[in-house]
Amino acid sequence: MNEHVLDKLKVLAESAKYDISCASSGTTRKNRPGTIGSTEGWGICHSFTEDGRCVSLLKIMLTNACIYDCAYCINRRSNDIPRATLTVQELIDLTIEFYRRNYIEGLFLSSGVINNPDYTMERMVRVVKELRTNYHYNGYIHMKSIPGASRELVNEAGLYADRLSVNIEIPKEQNLKMLAPEKDHQSIYKPMFYIQQGVLASADERKRFRYAPRFAPAGQSTQMIIGATDESDKDILQLSTSLYQRPSMKRVYYSGFIPVNSYDTRLPALKQAPLVRENRLYQADWLMRFYGFRANEIVDDSYPNLDLEIDPKLAWALRHSEAFPIDVNKADYGLILRVPGIGVKSAGLIISSRKHRRITASTLTKMGVVMKKARFFITCGELPTFTVNEVTPEYLRLALMSKKSSRKEPDSKQLSFVFTE
Ligand code: SF4
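In this text the structure is predicted, and so the values were computed from the model without any measurement.

**Some details on the overall build of the chain**
So, step 1. On a plain count of helices and strands, the chain comes out with 17 helices and 9 strands.
So, step 2. Sorting the 421 residues of the chain into buried and exposed places 52% on the buried side.
So, step 3. Contacts spanning at least 24 positions in sequence make up 63% of the contacts within the chain whose residues lie at least 6 apart.
So, step 4. Split by element, the accessible area of the chain, about 20,300 Å² in all, is 52% carbon and sulfur.

Spelled out as structure tokens, the structure:
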């Protein structure tokens with residue numbers, strides 16, 4: 001590989017690593033003697049396709065020489081960092097070369113803004129278009145759409161990319177304008193809307209013409225930065241709910257704010273990214289997408305932020321202890337899904353198995369139910385345990401927390417009372 005391009009690749013892959021729409025971003029673990037592999041390097045990351053396959057992607061920016069000055073971004077124009085810009089041909093060659101060597105199965109392409117949004121977007125579209133048409137590249141492509149890009153360019157991108165995404169970055173517009181003065185929500189929501197229209201129009205056309213071109217078949221995604229501004233989890237989850245109501249929106253990613261520009265006084269003085277909060281938001285997101293929870297059940301005016309010590313499903317169950325215990329041999333699927341420790345798979349197994357036999361505690365364990373949580377919220381005839389209401393929600397919270405953390409250890413005699421089999 002050309003040394004010049006290799007140098008650019010190192011700079012640009014490094015600059016792309018803070019975008020977490022691919023699962024392996026943000027980790028720094030160097031290769032050490034006696035070990036194999038490293039999470040640092042030239043931006044090969046992993047993502048999951050619709051059918052659950054894990055694919056490796058070349059995660060790279062077209063350029064990190066950005067004209068914008070977003071406070072939370074390492075690539076902002078006021079930072080003194082190495083800059084690089086790949087030509088369209090260099091990016092194509094890199095992708096094809098990596099693909100042929102079996103290093104990657106796809107491309108994740110983003111970019112800083114050069115000159116203006118359309119100038120940048122036009123180059124990105126040329127990359128994906130030429131890969132598909134001239135090089136017959138059939139691998140996965142996830143392309144970021146630049147905020148403020150025109151409808152024509154977004155429409156063209158959708159013909160070649162599998163997934164398109166536009167990052168919301170900051171949930172409330174006034175906070176976005178404070179940290180990223182060159183951006184506003186309109187410049188983000190417009191391309192999102194163009195993508196949605198393209199996906200719907202293509203689905204409609206394919207009903208009539210079997211070989212009509214597909215438009216962004218893996219839909220769109222977006223990302224929010226968590227903890228850089230004062231939005232509550234309620235604000236964030238309400239926004240996610242409205243985004244998931246858009247037919248083409250597949251994923252909302254939550255990226256714990258990484259303090260890369262600690263000199264900027266508009267940003268909170270964090271030492272590290274709020275990873276526990278990020279994780280709790282993903283759990284809440286999962287509850288909304290697969291467990292039938294609404295955002296206002298998980299967080300509301302009385303509880304605008306997620307409990308960082310316990311997962312949101314357990315937190316909900318403790319706040320609604322009057323709904324428990326439920327009888328797993330009689331309760332409907334939706335209610336069984338709300339029991340802490342019971343997942344989608346085990347809830348399905350309970351419903352199908354109980355047609356043939358009575359569900360017992362040992363059956364539940366075999367189904368993969370996490371009994372150390374679930375047993376306080378269910379009855380099934382043989383559970384020699386106390387329910388959440390007998391133990392009290394406050395005490396159970398403390399007891400289940402102390403299983404993971406010793407920060408608020410309750411009295412050990414009382415604990416043995418709660419956890420006696
Ligand atoms: S537009 Fe903002 S977030 Fe994107 S690369 Fe430029 S400075 Fe960073």
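**Concerning the packing of helix 2 (residues 88-100) against helix 3 (residues 117-133)**
So, step 1. At a minimum axis distance of 9 Å, the contact between helix 2 and helix 3 shows a crossing angle of 40 degrees. Accordingly, the angle class assigned to the pair helix 2 and helix 3 is oblique. Considering only the axes of helix 2 and helix 3, their crossing is right-handed. For the pair helix 2 and helix 3, the contacting residues are Val88, Gln89, Leu91, Ile92, Thr95 and Ile96 in the first and Arg123, Arg126, Val127, Glu130 and Leu131 in the second.

**Let's talk about the site of the ligand**
So, step 1. Cys66, Tyr68, Cys70, Cys73, Arg76, Gly112 and Lys183 make up every residue found near the ligand.
So, step 2. The residue makeup of the shell around the ligand, split by class, is 4 nonpolar, 1 polar and 2 charged.

**Topic: the packing of helix 1 (residues 3-16) against helix 2**
So, step 1. Across the interface, helix 1 lies against helix 2 with an axial gap of 11 Å and an inter-helix angle of 90 degrees. On the basis of their axis angle, the class for helix 1 and helix 2 is roughly perpendicular. On helix 2, the residues touching His4, Val5, Lys8 and Leu9 of helix 1 are Glu90, Leu94 and Phe98.
So, step 2. Partitioning the contact of helix 1 with helix 2 into residue classes produces 4 nonpolar, 1 polar and 2 charged.

**Focus: helix 4 (residues 151-160)**
So, step 1. All buried positions along helix 4 are accounted for by Leu153, Val154, Ala157, Gly158 and Tyr160. Buried residues of helix 4, viewed axially, fall in a sector of 165 degrees; they line one side.
So, step 2. Where the residues of helix 4 are buried, they touch helix 3, strand 4 (140-144), strand 5 (163-165) and helix 6 (185-208).

**Side note on the pairing of strand 6 (residues 220-226)**
So, step 1. Within strand 6, 7 of the 7 residues are buried, leaving the element largely enclosed by the surrounding structure.
So, step 2. What you see with strand 6 is no split at all: Gln220, Thr222, Met224 and Ile226 on one side and Ser221, Gln223 and Ile225 on the other are buried throughout.
So, step 3. Looking at chain direction, strand 5 and strand 6 are connected through 2 bridges and run parallel. Counterpart to serine 165 in the pairing with strand 6 is serine 221.
So, step 4. Here strand 6 runs beside strand 7 (residues 249-256); their pairing, made up of 7 bridges, is parallel.

**Topic: the side chain of aspartate 285**
So, step 1. Tracing the backbone shows aspartate 285 in helix 8 (residues 275-290).
So, step 2. Classification of aspartate 285 as buried rests on a relative accessible area of 1%.
So, step 3. Residues in contact with aspartate 285, not counting those within four places in the same chain, are Tyr244, Val252 and Tyr254.

**So, the nonpolar core**
So, step 1. The biggest cluster of nonpolar side chains holds 116 residues, and the ones touching the most others in it are Ile60, Met143, Leu237, Leu364 and Phe377.
So, step 2. Domain assignment of the residues forming this core places at least three in each of domain 1 (3-167 + 176-220) and domain 2 (312-415).
So, step 3. The residues contacting phenylalanine 377, other than those within four sequence positions of it, are Leu314, Ala317, Leu318, Phe324, Pro325, Ile326, Val339, Pro340, Val388 and Leu396.
So, step 4. Formed by 6 residues, the second largest nonpolar core is a distinct cluster that contains Leu57, Phe108, Tyr140 and Ala218.

**Let's talk about the packing of aromatic side chains**
So, step 1. This structure, assessed with the given rule, holds 7 aromatic pairs.
So, step 2. For the pair tryptophan 316 and phenylalanine 324, a centre-to-centre distance of 6.1 Å together with 85 degrees between the ring planes defines the contact as edge-to-face. Across the pair, phenylalanine 324 and tryptophan 316 agree in class, each one buried.
So, step 3. Note on phenylalanine 324 and phenylalanine 377: the rings are 5.1 Å apart at their centroids and 80 degrees apart in plane angle, and the pair reads as edge-to-face. You can see phenylalanine 324 sitting in the loop between helix 10 (312-319) and strand 8 (326-327) and its partner phenylalanine 377 sitting in the loop between helix 14 (371-374) and strand 9 (378-379), a full 53 residues away along the chain.
So, step 4. Members of the aromatic cluster, each reached through a chain of ring pairs, are Phe293, Trp316, Phe324 and Phe377.
So, step 5. Here the basic side chain of arginine 251 rests over the ring of tyrosine 253, its NZ or CZ set 4.8 Å away from the ring centre.
So, step 6. Positioned above the aromatic ring of phenylalanine 293, the side-chain terminus of arginine 338 is 3.9 Å from the ring centre.

**So, a nonpolar patch on the surface**
So, step 1. On the surface, Trp286, Phe290, Tyr333 and Val344 cluster together into a nonpolar patch covering about 370 Å² of accessible area.
So, step 2. Within the fold, tyrosine 333 resides in helix 11 (residues 333-336).
So, step 3. For tyrosine 333, a relative accessible area of 35% gives the class partly exposed.

**Describing the confidence of the model for the chain**
So, step 1. Of all residues in the chain, 86% attain a pLDDT of 70 or more, and the chain-wide mean is 88.
So, step 2. The low-confidence segment residues 22-31 (pLDDT under 50) makes 28 contacts with residues lying over four places distant or belonging to another chain.
So, step 3. A low-confidence stretch, residues 35-41 stays under pLDDT 50, and its non-local contacts, those more than four residues away or across chains, total 12 contacts.

**As for helix 12 (residues 344-353)**
So, step 1. For helix 12, the set of buried residues is Ser346, Ala347, Ile350 and Ser353. The arc enclosing the buried residues of helix 12, seen along the axis, measures out at 140 degrees, which places them on a common side.
So, step 2. Looking at the buried residues of helix 12, the elements they touch are helix 11 and helix 13 (361-366).

Thresholds applied
Residues numbered from 1 in each chain as written. Predicted model: local features only at pLDDT ≥ 70, side-chain atom pairs only at ≥ 80, totals over all residues. Heavy atoms only, no water. Helix = DSSP H or I, 4+ residues; strand = E, 2+ residues; numbered from the N terminus. Buried < 20%, exposed > 50% of the residue type's maximum accessible area, 1.4 Å probe, protein only. Contact = heavy atoms within 4.5 Å. Areas by Shrake-Rupley, 256 points an atom, 1.4 Å probe, with all protein chains shown as cover. Axes fitted to C-alpha atoms, helices over the stretch in contact; angles between N-to-C directions. Parallel < 35°, antiparallel > 145°, perpendicular 65-115°, else oblique. Left-handed = near helix turned anticlockwise from the far one by under 90°. Near = heavy atom within 4 Å. Nonpolar A, V, L, I, M, F, W, Y, C, P; charged D, E, K, R; others polar. Arc of directions from axis to C-beta. Pairing = 2+ DSSP bridges. Core = buried A, V, L, I, M, F, W, Y, C linked by side-chain atoms within 4.5 Å. Domains from an automatic or database assignment. Phe/Tyr/Trp six-rings, centres within 6.5 Å; stacked < 30°, edge-to-face > 60°. Lys NZ or Arg CZ within 6 Å of the ring centre and 35° of its normal. Patch = residues over 30% accessible without salt bridge, like charges linked within 9 Å, V, L, I, M, F, W, Y side chains within 5 Å. Salt bridge = Lys/Arg side-chain N within 4 Å of Asp/Glu carboxyl O. pLDDT = per-residue confidence, 0-100.

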